[in-house]
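An overview of the molecular structure
As a plain string of letters, each chain reads:
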Amino acid sequence: MTGKIVLITGGTGGIGKAAAIGLASMGARVGITGRDRTRAERAAKDIEAESDNPAVDVFVADLSSQDEVRRMAGEVLSAYPRLDVLVNNVGGFWAHRHVTSDGLEHTFALNHLAPFLLTSLLLERLVASAPARVVTVASGAQSMGKIDFGDLMGEQDYSGQRAYNQSKLANVMFTYELARRVEATGVTATALHPGMTNTAFSAEDPARAMAPVVFVARPFMRSAKKGAETVVYLASSSAVEGVTGNYFANRKAKKSNQSSYDREVTARLWQVSSHLVGVPDAR
Ligand SMILES: NC(=O)c1ccc[n+]([C@@H]2O[C@H](COP(=O)([O-])OP(=O)(O)OC[C@H]3O[C@@H](n4cnc5c(N)ncnc54)[C@H](OP(=O)(O)O)[C@@H]3O)[C@@H](O)[C@H]2O)c1
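Residues numbered from 1 in each chain as written. Predicted model: local features only at pLDDT ≥ 70, side-chain atom pairs only at ≥ 80, totals over all residues. Heavy atoms only, no water.

**Brief notes about the pairing of strand 1 (residues 5-8)**
Using the following cut-off: Three exposure classes are used, based on accessible area relative to the maximum for each residue type with a 1.4 Å probe and protein chains only: buried under 20%, partly exposed in between, and exposed over 50%. Going along the chain from the N terminus, every DSSP run of H or I of four or more residues is numbered as a helix, and every run of E of two or more is numbered as a strand. Being paired, for any two strands, means DSSP has found at least two bridges between them. Viewed with both strands pointing away, a crossover whose connecting path from the first strand over the helix to the second turns clockwise is right-handed.
On strand 1, burial covers both faces: I5 and L7 on one face and V6 and I8 on the other are all buried. Where strand 1 lies against strand 2 (residues 29-34), 4 bridges are found, and the strand directions are parallel. Each bridged residue has a counterpart across the sheet, and for I5 the counterpart in strand 2 is R29. Since strand 1 and strand 2 lie parallel, the crossover through helix 1 (residues 14-25) that links them has a hand, and here it is right-handed.

Right, here's the structure in full:
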C-alpha cells in the first residue's frame with residue numbers, strides 16, 4: 001500500500017481504527033475521521049505508533065450533518081491530490097427515533113445517506129486515481145432488512161432494529177448500484193459484514209437498548225483487529241483487484257439479501273438518496 005492514500009470514516013475507535021492500523025502498517029497514508037479533534041488526534045497518535053507509520057491525518061466532522069460531510073469532503077479534496085481507497089465505516093444504532101440537524105432520521109442519515117453523499121463528493125477524485133476502491137462496512141443485519149419507501153424515515157412507525165437493518169441493506173444496495181455506475185472507470189465497490197465485534201458500537205444510544213445483548217455476547221465477540229480483517233482485505237488485497245459489486249464476510253464473497261439484487265429497487269434507492277442529499281442523479 002506504499003504510495004496509496006486511504007480515507008476511513010470513523011477511525012477513532014472500533015473497526016475503523018483497527019483497519020487504519022492494518023492499512024498504515026502496510027505503508028498507506030491513512031486519513032481518519034471523527035467528531036472530536038482531540039479524540040481523533042489521540043487515535044492518530046496510537047495508529048502511528050502501532051503501525052510505525054507517521055502518515056496519519058485527521059479530519060473532523062459530524063457525518064450526520066450534510067453540511068459537515070460537504071465541508072469535510074472539501075478538506076479531503078484539498079489535502080489529498082489522489083484517493084485510492086475510501087472506507088465508509090461510520091454507523092450507529094438508536095432504539096428510539098432521533099432526527100439530525102437536517103431533520104432526517106438519524107440511522108438512515110448517518111448509516112446510509114452520509115456514505116452516499118461522501119462517496120458522491122469524492123468520486124471524481126477516486127476515478128482520477130483509478131484503480132481505486134470504495135469499501136462500505138455493512139452488517140449481517142442487511143439480510144433482515146427491507147427498504148420501506150413508504151416510511152424510509154420511520155415517521156409512521158419506528159423500530160431501532162428495523163431502522164438499522166434497513167440502513168445496512170441500503171449500504172449493500174448502494175454498493176451494487178455504485179459498482180454498476182462506475183463500471184469501466186477502474187473504481188470498484190464492495191460491502192462487508194465485519195462479524196460481531198467487541199467495540200463501542202451502540203454505546204451512545206441514550207436508551208442503551210443493546211447493552212444487555214452486548215453484555216451477554218461480549219465473550220463471543222471478535223477483537224476489533226479481527227473485525228477489521230475483511231475491511232483491510234477489500235481495501236488492499238491483490239486477490240480482489242477488479243472485484244466489484246460483491247458483499248463479503250470473513251474475506252469471502254457471500255450472497256446478500258435477495259432484494260439487493262433487484263435493480264429497480266437499488267436504482268430507486270439511489271434516486272431517492274440523491275434527492276435527500278441534493279446531488280444530481282447522474283452517471
Ligand atoms: N461491532 C459490531 O459487532 C458490528 C457488526 C456489524 C456491523 N458493524 C458496523 O461496523 C461499523 C463500525 O462499527 P464499530 O463497531 O467499529 O463502532 P464504534 O466502535 O461505535 O465506532 C464508530 C466510529 O464512528 C465514529 N462516529 C460515530 N458517530 C459519528 C458521527 N455522527 N459522525 C462522525 N463519526 C461518527 C466514531 O467516532 P467518534 O465517536 O470519535 O466521533 C467511531 O470512530 C458500523 O458501520 C457498524 O454498523 C459493527
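There is more to say after this.
**Regarding the nonpolar core**
It is characteristic of soluble globular proteins that their nonpolar side chains tend to be buried jointly. To be explicit about the condition: For our purposes a nonpolar core is just a set of buried Ala, Val, Leu, Ile, Met, Phe, Trp, Tyr and Cys residues, chained together by side-chain atoms within 4.5 Å. We call two residues in contact whenever any of their non-hydrogen atoms come within 4.5 Å of each other.
L7, L118, L122, L126 and L178 are the most contacted members of the largest nonpolar core, which has 46 residues in total. At 11 residues, the largest contribution of residues to this core is made by helix 4 (residues 106-128). Residues in contact with L118, not counting those within four places in the same chain, are L7, T9, V69, M72, A73, L86 and N88.

**Quick look at the site of the ligand**
Note the following rule: Here, proximity means that at least one heavy atom of the residue falls within 4 Å of the molecule or strand. What qualifies as a polar contact is a pair of N or O atoms within 3.5 Å, subject to a donor-acceptor requirement within protein and to the restriction that residues adjacent in sequence count only when both atoms come from side chains. What sets the accessible areas is the Shrake-Rupley method with a 1.4 Å probe; for residues, cover comes only from the shown protein chains. Gly falls in the polar group here, along with every residue not listed as nonpolar (Ala, Val, Leu, Ile, Met, Phe, Trp, Tyr, Cys, Pro) or charged (Asp, Glu, Lys, Arg).
If you check the shell around the ligand, you find 30 residues, and the closest are T12, R35, Y164, T197 and T199. One of the backbone nitrogen or oxygen atoms of G10 is found 3.2 Å away from an oxygen atom of the ligand. Measuring from an oxygen atom of the ligand, one finds a side-chain N or O atom of R39 at 2.8 Å. Against a free-state accessible area of 900 Å², the protein chains account for coverage of 92% of the ligand. Broken down by secondary-structure element, the contributors of at least two residues to the shell around the ligand are helix 1 and helix 5 (160-181). Across the shell around the ligand, the residue classes break down as 12 nonpolar, 14 polar and 4 charged.

**Things to note about the side chain of S260**
The residue S260 is located in the loop between strand 8 (252-254) and helix 9 (263-277) in this model. At 2.7 Å, the side chain of S260 and the side chain of S256 are in polar contact. Beyond its immediate sequence surroundings of up to four residues, S260 is in contact with L169, V172, M173, Y176 and T266.

**Points about the packing of aromatic side chains**
For the record, the criterion: The criterion for an aromatic pair is that two Phe, Tyr or Trp rings (for Trp, the six-membered ring) have centres within 6.5 Å, with stacked assigned to planes under 30 degrees apart, edge-to-face to planes over 60 apart and tilted to the rest. Our definition puts a charge over a ring when NZ of Lys or CZ of Arg is within 6 Å of the ring centre and also within 35 degrees of the ring normal.
Across all of its chains, the model carries 7 aromatic pairs by this definition. Consider the rings of F59 and Y80, whose centres lie 5.5 Å apart with planes at 75°: the pair is edge-to-face. Linking F59 in strand 3 (residues 56-60) with Y80 in the loop between helix 3 (66-79) and strand 4 (85-88), this pair joins segments that are 21 residues apart in sequence. Accessibility classification places F59 together with Y80 in one group, the buried group. Members of the aromatic cluster, each reached through a chain of ring pairs, are F93, Y164 and F201. Above the plane of the ring of F149 lies R268, whose end atom (NZ or CZ) is 4.0 Å from the centre.

**Considerations on the sheet that holds strand 3**
Put simply, the rule reads: The axes used here are C-alpha line fits, helices contributing only the stretch in contact, and every angle between their N-to-C directions lies in the interval 0 to 180 degrees.
Read from one edge of the open sheet, 8 strands run 3-2-1-4-5-6-7-8, paired in mixed fashion. Where the open sheet ends on each side, the last strands, each with one partner, are strand 3 and strand 8. In this sheet, neighbouring strand axes are inclined to one another by 25° on average, regardless of whether the strands run parallel or antiparallel. Where strand 4 meets strand 5 (residues 132-137), 4 bridges bridge the pair, whose relative direction is parallel.

**A look at the packing of helix 3 against helix 4**
Note the following rule: Note on angle classes: values under 35 degrees are labelled roughly parallel, values over 145 roughly antiparallel, values of 65 to 115 roughly perpendicular, and the remainder oblique. Each crossing gets its hand from how the near helix is turned against the far one by less than a right angle, where anticlockwise is left-handed and clockwise is right-handed.
Axis separation between helix 3 and helix 4 bottoms out at 10 Å; the angle between their running directions is 25°. Taken as axis vectors, helix 3 and helix 4 run roughly parallel relative to one another. Our pair here, helix 3 against helix 4, has a crossing hand that is right-handed. Seen from helix 3, the contacting residues are Q66, V69, R70, M72, A73, V76 and L77; seen from helix 4, they are L113, A114, L117, L118, L121, L122 and R125. In the contact of helix 3 with helix 4, the residues fall into 11 nonpolar, 1 polar and 2 charged.

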